[in-house]
Amino acid sequence: RLSMAKSKFEYVRDFETDDSCLPNCWIVVRLDGRNFHRFSEQHEFKKPNDDRALHLMTKCAQTVMQELEDIAIAYGQSDEYSFVFKKKSRWFKRRASKFMTHVVSQFASSYVFYWKDYFKDQQLLYPPGFDGRIVLYPSNQNLKDYLSWRQADCHINNLYNTVFWMLVQRSGLTPVQAQDRLQGTLAGDKNEILFSEFNINYNNEPLMYRKGTVLIWQKINEVMTKKIKLPEETEEKEVEVTRTRTKVVPLHCDIIGDQFWEEYPEILAE
Ligand code: ATP
Ligand code: ATP
Ligand code: MG
Ligand code: MG
Ligand code: MG
Ligand code: MG
């Protein structure tokens, strides 16, 4: 009787606002490292691309996909990751604050938890933070365009950063001089500088830098040997059994063209 009764304070719950996401829309959560310009300097990230940092980001994103429900695909580059929840997801009644806070806090705690596995002798000097935002996309085309936008951003930034850091590290320009040199240049000009001055063909740069990282679910067939005892026999026998598991797999491929979506139609299927 007593436990059923509501306290006189209960009314404050009504001040909470309904933030449930519109039905049938893709729910995208994008997070981004807070002030990673400084964080990357203080932790001596290799410029322009530190593999340890990129792999740690991807480990955290894999953890998010495995721990939380209904994530169909994720895409990451630099200090950001986007997570796409299935449009039919009923997780937490589609409450935006639940999606965003669970993604960001799981990611941030993973970043600290797994730090030492990737950075070895580089100590973590202070607790990093991440911001989060949520965006709804009502059509498959909108969602594909969103992911294309992030991958195009990756390409533009990486081309710029690759030339910028070559000018600084190899030609000894100051950051301001390198910035001035690149002012107003187009993609073709940057490719030309890389080729003529540094003998670098941009297209041969690692795919992870140029395309970012796509995380998808894939079925993996695991063959293991198991010891079983048949009823009519006395001794144990070793048999091979195949177990199908779904794993989060990283890819560094183009997602702007149609090929990726034709190869993995199940991502958008539901
Ligand atoms: P904000 O808090 O507004 O996001 P920010 O300093 O994090 O500020 P971003 O636009 O998010 O600004 O840029 C992230 C910066 O982090 C990049 O400019 C780059 O210098 C650095 N960075 C992130 N990942 C790496 C990496 N793997 N290797 C080297 N540098 C990186
Ligand atoms: P949800 O994900 O829905 O929040 P939950 O298991 O976290 O699920 P809560 O209603 O938040 O459920 O309850 C938190 C539980 O954590 C408590 O029921 C209690 O068992 C445990 N807990 C939290 N703090 C302490 C503490 N300081 N000492 C012992 N138990 C604790
Ligand atoms: Mg920013
Ligand atoms: Mg940032
Ligand atoms: Mg960023
Ligand atoms: Mg709780």
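Above this text sits the structure in question.
A brief look at the structure comes next. (Residues numbered from 1 in each chain as written. Chains lettered and ligands numbered in written order. Predicted model: local features only at pLDDT ≥ 70, side-chain atom pairs only at ≥ 80, totals over all residues. Heavy atoms only, no water.)

Our next topic: the overall build of the protein chain. Broken down by element type, the protein chain carries 9 helices and 6 strands. When the backbone C-alpha atoms are referred to their principal axes, the protein chain occupies close to 75 × 70 × 40 Å. Residues classed as buried in the protein chain amount to 38% of the 270 residues present. Put simply, of all contacts in the protein chain between residues at least 6 apart along the chain, 70% involve residues at least 24 apart. Here the protein chain has roughly 16,600 Å² of accessible surface; of this, 50% comes from carbon and sulfur atoms. Separation of charge centres in the protein chain, based on 37 positive and 38 negative side chains, amounts to 6 Å. (Helix = DSSP H or I, 4+ residues; strand = E, 2+ residues; numbered from the N terminus. Buried < 20%, exposed > 50% of the residue type's maximum accessible area, 1.4 Å probe, protein only. Contact = heavy atoms within 4.5 Å. Areas by Shrake-Rupley, 256 points an atom, 1.4 Å probe, with all protein chains shown as cover. Lys, Arg positive; Asp, Glu negative; His and termini not counted. Charge placed at Lys NZ, Arg CZ, Asp CG, Glu CD.)

Before going further, it helps to examine unusual backbone geometry. A cis amide bond links lysine 47 with the next residue in sequence, proline 48, at an omega value of 0°. Among the secondary structure elements, proline 48 is positioned in the loop between helix H1 (36-42) and helix H2 (51-67). Of note, the phi angle at asparagine 24 is positive, near 65°, even though the residue is not glycine. Position of asparagine 24 among the secondary structure elements: in the segment before strand E1 (26-33). Positive phi outside glycine occurs at glutamate 44, with the angle close to 50°. Tracing the sequence through the fold places glutamate 44 in the loop between H1 and H2.

Tracing the backbone through its elements, the reader meets glutamine 106 in helix H3 (residues 96-119). The class of glutamine 106 is partly exposed, set by a relative accessible area of 24%. Residues glutamine 106 and cysteine 60, 46 residues apart in the sequence, show an inter-C-alpha distance of 8.0 Å.

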